Amino acid sequence: MSTGSGADSAPAPTAHDSTARTRKPSTFSSLKIRNYRLFFTGQVVSNTGTWMQRIAQDWLVLSLTGSAMAVGITTALQFLPMLLFGLYGGVLVDRLPKRPLLFFTQSAMGLTGLALATLTLTGHVQVWHVYLTAFLMGLVTVVDNPARQTFVSEMVGKDQLANAVSLNSANFQSARLIGPAVAGVAIAAVGSGYAFLFNGLSFIAPLASLALMRTSELHKVEIAPRGKGQLKEGLRYVAGRPDLIWPIVLVGFIGTFGFNFPIWLSAFADDVFHAGPGTYGLLNSLMAAGSLAGALLAARRGTARLRILVGAAMIFGLLEVVAAMAPSFWLFAVLLVPLGVFGLTVNVTANSSIQMATDPLMRGRVMALFMMVFTGGTPVGAPLVGWVTDTYGVRVGMATGGLVALLAATGVGLMLARVGDLRLRLGWHRGHPHVRFVPREQMATAA
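Along each chain, residue indices are assigned from 1 in the same order as the chain's sequence is written. Residues qualify for local features only when their pLDDT is at least 70, as the model is predicted, and side-chain atom pairs are given and counted only at 80 or more; totals for whole chains, interfaces and linings, by contrast, use all residues. To obtain the side-chain values, all non-hydrogen atoms of the structure were used and water was disregarded.

Asks: Which parts of the structure should I look at to understand the overall build of the protein chain?
Replies: Scanning the protein chain from terminus to terminus reveals 18 helices and two strands. Within the protein chain, the fraction of its 447 residues that count as buried is 48%. Residue contacts are defined here by distance: any two heavy atoms, one from each residue, within 4.5 Å place the two residues in contact. Once local pairs closer than 6 in sequence are excluded, the contacts in the protein chain between residues at least 24 apart make up 84%. By element, 67% of the accessible surface of the protein chain is carried by carbon and sulfur atoms, the whole surface being about 20200 Å². Helix and strand assignments come from DSSP, with helices taken as H or I runs of at least 4 residues and strands as E runs of at least 2, each series counted from the N terminus. Burial classes: relative accessible area under 20% of the type maximum marks a residue as buried, over 50% as exposed, and values in between as partly exposed (1.4 Å probe, protein chains only). Here, Shrake-Rupley sampling with a 1.4 Å probe gives the accessible areas, and only protein chains in the shown set may cover a residue.

The structure is reproduced here in structure tokens:
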């Protein structure tokens, strides 16, 4: 695999790749693979349970303490392990076989949900129990997240990787639409404890899917041998690959500053539009619907090029600034749908392009760094964005996040063009404006 970089992230095409690209991509093509179909089905159930627990967890903490800050502490504790130990999780994932590792992590997550359910249903739960459970869940996620990300390539192979990553995101966003709604009904009817119980039991589904897989149909992937300095080796590997480091930098900026929608949507619903929790739920649903559409479009596209990543990130930042200034509720609400589309496109395209460009022996460490930067920035960015929002208002706070995303996308696009010795070409194609990066030699020939 070449270590060079250009506007596109894919390695040199083979004859097979060229043939594959000429076929019309299918949105659900990865689901034709039995092992991935089992995995996908198990994740539908457990993702729904995870979203139920998130909602019930926040509601329980608020009920126990009456403090929004306590809810923020719970969220920070759940993301903090990824920030602190994410890279070490990647080293473990590269050293260990993924399927047995996922048996362990998925079982551990199920047990944490059952433990919290037991404490809540018996009336013994205290806020420190929730803090501890959130932190333990975060610790397991340090290993589970990169293991699940990298196991996808073993199930579907390289040709279907981009499609499978997109469908994973569609899976997660579907659960994001269903889980909170089910959690709301469950909490109102029987209490938070039963939402935790459902989440704990929901992990039976992915465990069953792992058990039913045919190991003979998995794509063989080398396991990195144990050795000293593997963490530094992973960082050096990424640092020497512009086609990896710059997408990770871009995702880091957007994840830290541009994805603080829980802060902004609640503030818009309450402070700007003077509406209640129902409106807040509607805004979240519109965002999730856009994200689901973005995931399905990415699955349909079937490619993961860096120019798509940069372009989607620029549009995402611009839409965020425009939405922040929207004068009416319905204009703001409508803009959340394309925001979800392009925000999810950024995430999926970065994820799949980085996986396809990474040596399989390094994939666990690289994906751990990707997830650490993307989700680990939350404990850092959320307080800062929250302070800007409290001090200057939610419109300024959201516009600032969008501006950071737009500037980061522009900077990363220019750096990738410089590394690949590319120039910007503007023109018309079939009656429409066409913007693309081309090699300098091609520009000189055209001139």
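Resuming the write-up.
Asks: What's the story with the packing of helix H4 (residues 98-121) against helix H7 (residues 192-202) in this structure? I'm lost.
Replies: Between two packed helices, the angle of one axis relative to the other and the distance separating the axes together describe the packing. At a closest axis distance of 7 Å, the pairing of H4 and H7 adopts a crossing angle of 160 degrees. The angle between H4 and H7 falls in the class roughly antiparallel. Here H4 runs over H7; the crossing is left-handed. Contact residues: Gly-110, Gly-113, Leu-114, Leu-116, Ala-117, Thr-120 and Leu-121 in H4; Ser-192, Gly-193, Tyr-194, Phe-196, Leu-197, Asn-199, Gly-200 and Leu-201 in H7. In the contact of H4 with H7, the residues fall into eight nonpolar, seven polar and no charged. For helices, the fitted axis covers only the stretch in contact; all axes are lines through C-alpha atoms, and the angles between them, taken along N-to-C directions, range from 0 to 180 degrees. With respect to orientation, any angle under 35 degrees is reported as roughly parallel, any angle over 145 as roughly antiparallel, any angle of 65 to 115 as roughly perpendicular, and every other angle as oblique. Helix crossings get a hand from a simple test, with the near helix turned counterclockwise from the far one by less than a right angle marking a left-handed crossing and a clockwise turn marking a right-handed one. Under the scheme applied here, ten amino acids are nonpolar (Ala, Val, Leu, Ile, Met, Phe, Trp, Tyr, Cys and Pro), four are charged (Asp, Glu, Lys and Arg), and all others, including Gly, are polar.

Asks: Any chance you could explain the packing of aromatic side chains here in plain terms?
Replies: Each pair of aromatic rings is reported with the distance of its centres and the angle of its planes. Side-chain rings of Phe, Tyr and Trp, where Trp is taken by its six-membered ring, are said to pair if the distance between their centres is within 6.5 Å; with planes under 30 degrees apart they count as stacked, over 60 as edge-to-face, and otherwise as tilted. Under the counting rule described, the total for this entry stands at 17 aromatic pairs. Ring centres of Phe-259 and Phe-316 lie 5.3 Å apart, and the angle between their planes is 20 degrees; this geometry places the pair in the stacked category. Taken together, the residues Phe-259 in the loop between helix H10 (242-258) and helix H11 (261-272) and Phe-316 in helix H13 (residues 306-324) connect sequence positions 57 residues apart. Residue classification places Phe-259 among the partly exposed positions, given a relative accessible area of 27%. Through pairs of rings, three or more aromatic residues link up here, namely Phe-259, Phe-261, Trp-264, Phe-316, Phe-370 and Phe-374. Any Lys NZ or Arg CZ found within 6 Å of a ring centre and within 35 degrees of that ring's normal is scored as a charge over the ring. Positioned over the ring face of Trp-51 is Arg-54, at 4.7 Å from the centre of the ring.

Asks: Just checking my understanding: could you explain the side chain of Asn-199 for this structure?
Replies: Residue placement: Asn-199 occurs in helix H7. Residue class for Asn-199 comes out buried when judged on its relative accessible area of 1%. The contacts of Asn-199, once residues within four sequence positions are left out, are Ser-46, Gly-49, Thr-50, Gln-53, Gly-113 and Met-137.

Asks: Which parts of the structure should I look at to understand the pattern of salt bridges?
Replies: Once their charged atoms are close, side chains differing in charge can pair, the charge on each being opposite to the other. By convention in these notes, a salt bridge is any Lys or Arg side-chain nitrogen within 4 Å of a carboxyl oxygen on Asp or Glu. A full pass over the atoms with the stated rule returns six salt bridges. Residue Arg-365 pairs with Asp-94 through a salt bridge whose shortest N-O separation is 2.6 Å. Remark: Asp-94 occurs in helix H3 (residues 68-95) and Arg-365 occurs in helix H15 (residues 363-376); sequence separation between them is 271 residues. According to the relative accessible area criterion, Asp-94 is buried, its value standing at 3%. Between Glu-233 and Arg-365 there is a salt bridge, with the nearest N and O atoms lying 3.4 Å from each other.

Asks: What exactly am I supposed to notice about the packing of helix H2 (residues 34-65) against helix H8 (residues 204-212) here?
Replies: Between H2 and H8, the least distance of the axes is 7 Å, while the angle of their chain directions is 170 degrees. On the basis of the axis angle, H2 is roughly antiparallel to H8. Residues Arg-34, Leu-38, Phe-39, Gly-42, Gln-43, Val-45 and Ser-46 of H2 touch H8, and the partners they reach there are Ala-205, Pro-206, Ser-209 and Leu-212. Class assignment of the residues belonging to the contact of H2 with H8 gives a composition of six nonpolar, four polar and one charged.

Asks: How should I be thinking about the confidence of the model for the protein chain in this particular structure?
Replies: As a note on interpretation, predicted positions should not be read in detail where pLDDT is low. Predicted confidence across the protein chain gives a mean pLDDT of 81, with 84% of residues reaching 70 or more. The model gives residues 1-22 a pLDDT under 50, and that stretch makes 42 contacts with residues more than four places away or in other chains. Confidence over residues 443-447 falls short of pLDDT 50; this stretch has five contacts with residues more than four positions distant or in other chains. Each residue carries a pLDDT score, the predictor's own confidence in it, on a scale running from 0 to 100.

Asks: Is there a simple way to think about the side chain of Gln-43 in this case?
Replies: Position of Gln-43 among the secondary structure elements: in helix H2. Non-local contacts of Gln-43, meaning those with residues more than four positions away in its chain, are made with Gln-106, Arg-148, Asn-171 and Pro-206.

Asks: How do you make sense of the environment of Tyr-280 when you look at a structure like this?
Replies: Tracing the backbone shows Tyr-280 in helix H12 (residues 277-301). C-alpha separation for the pair Tyr-280 and Pro-262, spaced 18 residues apart in sequence, amounts to 9.3 Å. Contacts of Tyr-280, omitting those with residues within four sequence positions, involve Pro-262, Leu-265, Ser-266 and Ala-269.

Asks: Would you mind going over H13 with me for this structure?
Replies: Turn by turn, an α-helix covers 3.6 residues, leaving residues three or four places apart pointing in a common direction. A helix's residues, less one, multiplied by 1.5 Å, set its expected span. Over its 19 residues, H13 runs 27 Å from end to end, which matches the ideal 27 Å to within 8%, given 1.5 Å per residue. Those residues of H13 that sit buried are Leu-306, Leu-309, Val-310, Ala-312, Ala-313, Phe-316, Gly-317, Leu-319, Glu-320, Ala-323 and Ala-324. The inward-facing, buried residues of H13 abut H10, H11, helix H14 (329-357) and helix H17 (394-419).

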